[in-house]
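Residues per chain are reported as follows:
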Amino acid sequence: MAGYDPKTIEEKWQRLWAEEKTWEVANPGQPGYAADKPKSYVLEMLPYPSGEPHVGHLKCYAVGDAIAHFRRRHGFEVIHPMGYDSFGLPAENNAIKTGEPPREATERSIASFHRQFREWGISIDWSRELATHTPEYYRWTQWIFLRLFEQGLAYREEAPVQWCPKDATVLANEQVVDGRCERCGTEVEQRRLEQWFFKITEYAERLLADFDLLESWPEHVVTMQRNWIGRSEGAEVSFRCEELDLDFPVFTTRPDTLFGATFFVLAPEHPQLERLIAGTPAEVEVREYVNRVARESVEDRGDEERPKTGVPLGRSVVNPVNGERIPMFVADYVLMEYGTGAIMAVPAHDARDYEFARAFDLPVKRVIEGADDDTARDDDGLPYPGDGPMTASGRFDGKHNREAYAEIVAWLAEDGRGEAAVNYRLRDWLVSRQRYWGAPIPVVYCDACGIVPVPAEQLPVELPEVDDYAPQGRSPLAAAEDWVATECPRCGAAARRETDTMDTFVDSSWYFIRYLDSQNAGAAWDPAAADSWLPVDQYIGGVEHAILHLMYARFFTKALADLGTLSVQEPFSNLFTQGMITRDGAKMSKSKGNTVSPAEYVERYGADTARTYVCFMGPPERGGDWSDEGVEGVNRFLSRLWRLCEEVGERETAELDQAASEGEVRELLAKAHWAIDKVTRDFERGFQFNTAISAAMELVNEAYRVKDGLLADPGAAAAVRFAAATAASLIFPFAPHLGAEIWERLEGGRVWEQPWPVADPELLARDTVTLVVQVNGKLRDRIEAAA
RNA sequence: GCCGGAGUGGCGGAACGGCAUACGCGAUCGACUCAAAAUCGAUUGCCCUUAGGGGCAUGUGGGUUCGACUCCCACCUCCGGCACCA
């Protein structure tokens, strides 16, 4: 009698799945297409191939694979693909450090990921595998770029951008965290550069509205995106500088406080600033201030604690509601990126304006009375951000400010002094990267024709080989002179290629569509394939992508739908975010030396143990601390299940019906049905795999309790066999090799071809309804009424 | 400051408003061993009691209910996100 030997079992089934291509599914029009089955697209976020897979990957794919298996056994045709997000900075930085070309390091890593995914026994349709760094893939990334360009959704513009001096590249706003580069932690600087942008702001409203189309996303992810988009309702109001005949529109969420504006502030980057100060006494001081601000780090500038600074311009604007002339300032607390880069300052009702007014000794004019019970902040209760009746506001005096709000906007709109407006915090997506290891932007610059898109038939614009990957403030591609020099596709004259590459988030914004038709050399995808599988029914990944990747992919889906190439508005109808695994309570990192190598555990305990453990640690959406003892515990359980199977496998067993009479045996059968019911419910309740696995453990424990002394009886042996087979069936989504092996030994055939077991309500009732013990009159009445 | 999420044994964590603490880990004792490992069995929320038994426990304080970890109100603590966004 051999013990549980995962190596033999796992190799056997992995070979079989590979040979039989068990998990491959066909598209419409292909042989084997399951037209009559409901479809389900189960997808885990594709890995970024750098080095070896870590436990985060193990958890993500173990959870995703369990979901895929559940869906299959609930009668769905499941598409479950895999690929690699293989462009990006780490491979390039490694190249700069070691001299190894990024392609080589990346492809080695991909090979390792691929091999380990197979060793984990993940049920992937490998015929659809893709890697975003291959010309076969990025050709279509470029194609999408050009479609967006045609629609005006990709545009080139000079803009102040976030620049990381260490990585020598610009970053998207989303990649700047606390004023630092998300990747390397260096403080970012501001620079003005010509860059490519995607006009995601045009979709701000739809990105917000279409949360309604989603079936199930974690509330906090939706909230994070909502905050990021940052929709504010208010009004745009024009203030006029009469001396220079210039209008300065401002955005305000508080048009009801317009009468309280006592000064006016421009951002240091405001384009009209130069005109306002040229030749005035303020000129020198303002320039110095602007230069000083420009040198400051984004982080320092964003510090709320810092005292307010600024410089008067010596100019004034007229408040359109009352004709008052109010002085103009430049101050760094006003941001060029938000609104119009200029504000009307209402110190009585805004904390920042109030602070500035105190620092510069400016008048504070209250226009909204506080409620009676308002506890004063300062001696006079200002700044007061709340509601109340209007005062010092001309014809609006005495009205409640909420009421006056709409009336003031309407009044301004009558003669074009202002109008209702909506503003977003969201900015356009900066996609240019002055880096080598990315998809080249498929554009040519011609002296005569300007920006010329590369014609579709000339795609892909292949990434050339270079020797030096180190960026020097321009893309390393600029050094590939032969490649840069080209001819204009429009007029044939000498022209130069764009040398920037695309942000890798562009690559990953559409990969889930390419999976559906990844071998298609003639198109990005076949619309019939996309229609048949999209949207992704269940998306699984880390919460760290809550804003970046998930919002970009939503934007792409909408833009592609508008182009007529997709028929869905949202890419992922259900999202599941798995929690992070820590070790000794800390985030794993190589520098801390607390990493866990999945390969090591798979080698020692087998993939089934490793996979089941990460699903058992706790609720999968929550994080958990890795524990070697916990792994042992799961391994113990699988070994016990194996032993149960071996022992019962040697016995004569009767028909289950004949066994079902005796008390203990009946109890075991009830337990099996309870476990079936529990695992099913835990899955449906949001992938509560930890408790589902617990139920399987309880079933095995119960089988052991019953087994001793009863196995000699063929009837009892049949019940134990039933319990073992049931446990194997239930555990299959987590430990597929062992589940398949035990099922084959006890029942014959393939467990994944069995429909998911359904609990017998009669046997269930026995276990669950006996719980009413100390019943009082009322409850007993209710039970009797029900019975 | 704003927005989310969470508070249950020594630990991870279970509980359609109905036996709180399932399952796992750890710990203690025992069986098998020359011994260890593995395996198997027993015990394991806290306090009191020789025992039988009793008392107290789901962050804190109230409320609804025959009955509350669960629902309602207030508060405390921790974690995550956003933050000079006008």
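Quick caveat: nothing in here was measured; it's all calculated off a predicted structure.

Of the regular secondary structure elements, chain A holds 27 helices and 28 strands. Seen along its three principal axes, the alpha-carbon backbone of chain A occupies a region of about 105 × 80 × 50 Å. When each of the 787 residues of chain A is scored for burial, the buried share is 55%. Considering only residue pairs separated by 6 or more positions, chain A has 74% of its internal contacts joining residues 24 or more positions apart. Surface exposure of chain A reaches about 33,600 Å², of which carbon and sulfur atoms provide 48%. Distance between charge centres in chain A, computed from 84 positive and 130 negative side chains, equals 1 Å.

To continue, consider the sheet that holds strand β24 (residues 538-542). Reading across the sheet, the four strands line up as β2-β1-β24-β25 and stay open at both edges, with parallel pairing between neighbours. The open sheet has two free edges, formed respectively by β2 (77-79) and β25 (575-578), since each of these has just one partner strand. Taking the axes of each pair of neighbouring strands and ignoring which way they run, one obtains an average angle of 20° across the sheet. Of the strand pairs in this sheet, β24 and β25 are connected by four bridges, and their pairing is parallel. Counterpart to Gly541 in the pairing with β25 is Thr577.

Two aromatic rings, taken as a pair, are described by how far apart their centres are and by the angle between their planes. This model, assessed by the stated rule, comprises 59 aromatic pairs. Both rings, one in Phe263 and one in Phe329, keep their centres 5.8 Å apart while their planes meet at 80°; by these two values the pair is edge-to-face. Of this pair, Phe263 sits in strand β12 (residues 263-266) while Phe329 sits in strand β14 (residues 325-330), placing them 66 residues apart in sequence. In this structure, Phe263 and Phe329 share a single accessibility class: buried. Measuring from ring centre to ring centre gives 5.3 Å for Phe329 and Phe356, while their planes differ by 85°; the resulting arrangement is edge-to-face. Of this pair, Phe329 sits in strand β14 while Phe356 sits in helix α11 (residues 351-360), and the two are 27 residues apart along the sequence. As far as the burial class goes, Phe329 and Phe356 line up, both buried. One aromatic cluster in this structure is built from Phe145, Phe149, Trp196, Phe198, Tyr203, Trp429, Phe505, Tyr552, Phe555 and Phe556.

This paragraph deals with the side chain of Asp503. With respect to the secondary-structure elements, Asp503 resides in the loop between β23 (501-502) and α14 (504-507). Looking at Asp503, its side chain comes within polar contact range of the side chain of Arg433, at 3.1 Å. When sequence neighbours within four positions are dropped, the list of residues in contact with Asp503 reads Gln175, Trp429, Leu430, Val431 and Arg433.

Right, let's get into helix α23 (residues 689-707). Because each turn of an α-helix spans 3.6 residues, side chains separated by three or four positions end up pointing in the same direction. Helix length check: α23, at 19 residues, gives a terminal C-alpha distance of 27 Å against a target of 27 Å (1.5 Å per residue), a fit within 8%. Summarising burial for α23: 14 of the 19 residues are buried, a large majority.

Here the focus is the pattern of salt bridges. One pass over the structure, following the stated rule, counts 48 salt bridges. Measuring nitrogen to oxygen at the nearest pair gives 3.3 Å for the salt bridge that ties Lys37 to Glu77. Remark: Glu77 occurs in strand β2 and Lys37 occurs in the loop between α1 (6-20) and β1 (39-44); sequence separation between them is 40 residues. Of the charged contacts, one joins Arg231 and Glu233 as a salt bridge, the two residues approaching to 2.8 Å between their closest N and O atoms. One network of salt bridges, with partners in common, ties together Lys12, Glu741, Glu744 and Arg745.

Right, let's get into the confidence of the model for chain A. The predicted model of chain A has a mean per-residue pLDDT of 89, with 94% of residues at 70 or higher. Counting contacts from residues 373-378, a segment whose pLDDT is below 50, to residues more than four positions away or on other chains yields nine contacts. The model gives residues 767-787 a pLDDT under 50, and that stretch makes six contacts with residues more than four places away or in other chains. Interface predicted TM-score (ipTM) for the complex: 0.93; the corresponding pTM is 0.92.

Attention now moves to the pairing of strand β10 (residues 231-241). Examined bridge by bridge, β10 and strand β16 (residues 418-424) share seven bridges and lie antiparallel to one another. Note that in β16 the partner of Glu233 across the bridge is Val422. Pairing geometry for β10 and strand β11 (residues 246-252), over seven bridges, is antiparallel. Bridging across to β11, Phe239 finds its partner in Phe248. Hairpin geometry of β10 and β11 is characterised by an intervening segment of four residues between the two adjacent antiparallel strands and by a positive phi of about 60° at Asp245.

What follows deals with unusual backbone geometry. Following Leu459, the chain continues into Pro460 via a peptide bond in cis, with omega recorded as 0°. Along the polypeptide, Pro460 turns up in the loop between β20 (450-453) and α13 (481-484). Residue Leu534 is joined to Pro535 through a cis peptide bond whose omega torsion reads -5°. Mapped onto the elements, Pro535 comes out in the loop between α16 (527-533) and β24. Its identity as a non-glycine residue notwithstanding, Lys21 has a phi of 50°, on the positive side. Along the chain, Lys21 turns up in the loop between α1 and β1. Taking relative accessible area as the criterion, Lys21 reaches 49% and is therefore assigned partly exposed. Phi is positive for Asp361, which is not a glycine, with a value near 55°. Tracing the backbone through its elements, the reader meets Asp361 in the loop between α11 and α12 (401-414). Of the residues examined, Asp361 reaches a relative accessible area of 69% and is grouped as exposed.

Quick notes on the rules
- Residues numbered from 1 in each chain as written.
- Chains lettered and ligands numbered in written order.
- Predicted model: local features only at pLDDT ≥ 70, side-chain atom pairs only at ≥ 80, totals over all residues.
- Heavy atoms only, no water.
- Helix = DSSP H or I, 4+ residues; strand = E, 2+ residues; numbered from the N terminus.
- Buried < 20%, exposed > 50% of the residue type's maximum accessible area, 1.4 Å probe, protein only.
- Contact = heavy atoms within 4.5 Å.
- Areas by Shrake-Rupley, 256 points an atom, 1.4 Å probe, with all protein chains shown as cover.
- Lys, Arg positive; Asp, Glu negative; His and termini not counted.
- Charge placed at Lys NZ, Arg CZ, Asp CG, Glu CD.
- Pairing = 2+ DSSP bridges.
- Axes fitted to C-alpha atoms, helices over the stretch in contact; angles between N-to-C directions.
- Phe/Tyr/Trp six-rings, centres within 6.5 Å; stacked < 30°, edge-to-face > 60°.
- Polar contact = N/O pair within 3.5 Å; in protein donor to acceptor, adjacent residues only side chain to side chain.
- Expected span 1.5 Å × (residues − 1).
- Salt bridge = Lys/Arg side-chain N within 4 Å of Asp/Glu carboxyl O.
- pLDDT = per-residue confidence, 0-100.

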